[in-house]
Amino acid sequence: MPAPSAEPGAPGSRPVTVALTKAGRTKIRYPAEPVRDDGTRITVRAPWAAPGVRDFGFVRFEPGDVFTEHYWRDRWYAVKEVRSGDGELKGWYCDITRPAILADGVLTVEDLDLDLWVSADGSSVLRLDEDEFAASGLAGRDPGAADAATAALDELERLARTEALKGLRDLLT
């Protein structure tokens, strides 16, 4: 297991490349600044990496937004805190993924289609892309992974629905 890393900017901290894969293909790659690595959870910070604006209807991701992304080596999800360029919290975008792998400066995460959006005030908790997950065929190809993915989505939703988002906030501290 890797040793915990230094705080950002400290000697020894190196940028990493986040590689998000889906169905065996790279969906997106982008540079990120390491924030912390305690051997289990890896936290990085990166600006919105896709070109232009992505409007989901319930939130807009746009140039200038900053994502503080939390990945686990032993959990089936990633939680991304999203802030506008002026620092205002927009909310948390949670990806259901296989556990993260960090090797040779590349943080690889396999997207399993399921997502959860939690607004900054907790008033909106949305399960997303369940139709894509069902259509992916993962349940037939890898039932254990499909069960782990569904359980991870349920866990995150439960944490997000706790009073004042306490469960989700505790997860990230």
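Basis of the calculations
Residues numbered from 1 in each chain as written. Predicted model: local features only at pLDDT ≥ 70, side-chain atom pairs only at ≥ 80, totals over all residues. Heavy atoms only, no water. Helix = DSSP H or I, 4+ residues; strand = E, 2+ residues; numbered from the N terminus. Rg over C-alpha atoms; globule rule 2.2 N^0.38 Å. Contact = heavy atoms within 4.5 Å. Areas by Shrake-Rupley, 256 points an atom, 1.4 Å probe, with all protein chains shown as cover. 1 Å grid on protein atoms, 1.4 Å probe; cavity = no way out; pocket = protein on both sides within 12 Å on 5 of 7 lines; lining within 4 Å. Points joined across faces, edges and corners; volume = space filled by probe spheres on them. Nonpolar A, V, L, I, M, F, W, Y, C, P; charged D, E, K, R; others polar. Buried < 20%, exposed > 50% of the residue type's maximum accessible area, 1.4 Å probe, protein only. Polar contact = N/O pair within 3.5 Å; in protein donor to acceptor, adjacent residues only side chain to side chain. Phe/Tyr/Trp six-rings, centres within 6.5 Å; stacked < 30°, edge-to-face > 60°. pLDDT = per-residue confidence, 0-100. Salt bridge = Lys/Arg side-chain N within 4 Å of Asp/Glu carboxyl O.

## Some words on the overall build of the protein chain
- Summing up its helical and strand segments, the protein chain has 4 helices and 11 strands in all.
- Relative to its length of 173 residues, the protein chain is compact, with a C-alpha radius of gyration of 16 Å against a globular reference of 16 Å.
- Each principal axis of the C-alpha atoms in the protein chain carries an extent, and together these give about 45 × 35 × 35 Å.
- Sequence-distant contacts in the protein chain: of pairs separated by 6 or more residues, those separated by 24 or more amount to 47%.
- Surface summary for the protein chain: the accessible area is close to 8800 Å², and the carbon and sulfur share equals 52%.

## Brief notes about the layout of surface pockets
- Approximately 520 Å³ is the volume found for the largest pocket.
- If you go around the largest pocket, you meet 24 residues; those closest to its centre are L20, K27, W48, R54 and Y93.
- Those elements giving two or more residues to the lining of the largest pocket turn out to be β1 (16-22), β2 (25-37), β3 (41-47), β6 (66-72), β8 (89-97) and β10 (106-119).
- By residue class, the composition of the lining of the largest pocket is 13 nonpolar, no polar and 11 charged.

## Structural notes on the environment of W48
- Residue position: W48 is located in the loop between β3 and β4 (54-55).
- The class for W48 is buried, based on a relative accessible area of 18%.
- Considered as a pair, W48 and R83 are 35 residues apart in the sequence and their alpha carbons are 9.8 Å apart.
- With near-sequence residues (within four places) excluded, W48 lies in contact with R54, F61, E62, P63, D65 and F67.
- Among the polar contacts listed, one links the side chain of W48 to the backbone oxygen of G52, at a separation of 2.8 Å.

## Some thoughts on the packing of aromatic side chains
- All chains considered together, the criterion is met by 11 aromatic pairs.
- Note on F61 and Y93: the rings are 5.8 Å apart at their centroids and 80 degrees apart in plane angle, and the pair reads as edge-to-face. Placement of F61 in strand β5 (residues 60-61) and of Y93 in strand β8 is noted, with a sequence separation of 32 residues between them.
- A relative accessible area of 10% means that Y93 is categorised as buried.
- Three or more aromatic residues joined by ring pairs make a cluster, and in this case those are W48, F56, F58, F61, F67, Y93 and W117.

## Remarks on the confidence of the model for the protein chain
- Per-residue pLDDT for the protein chain averages 92, and the proportion of residues at 70 or more is 93%.
- Under a pLDDT of 50 for its full length, residues 1-11 has, in the predicted model, 18 contacts with residues more than four places off or in other chains.

## Examining the pattern of salt bridges
- Applying the stated criterion across every chain, the model contains 17 salt bridges.
- K80 serves as the salt-bridge partner of D95, at 2.7 Å between the closest nitrogen and oxygen. Taken together, the residues span a long stretch of sequence, with D95 in strand β8 and K80 in strand β7 (residues 77-83) at a distance of 15 residues. In this pair, the class of D95 matches that of K80, namely buried.
- Across the salt bridge formed by K166 and D170, the nearest N and O atoms sit 2.5 Å from each other. Here the residue K166 and the residue D170 both occupy positions in helix α4 (residues 166-172), the gap between them amounting to 4 residues, near one helical turn.
- Residues joined by salt bridges that share partners form a network here, namely D55, R60, E62, D65 and K90.

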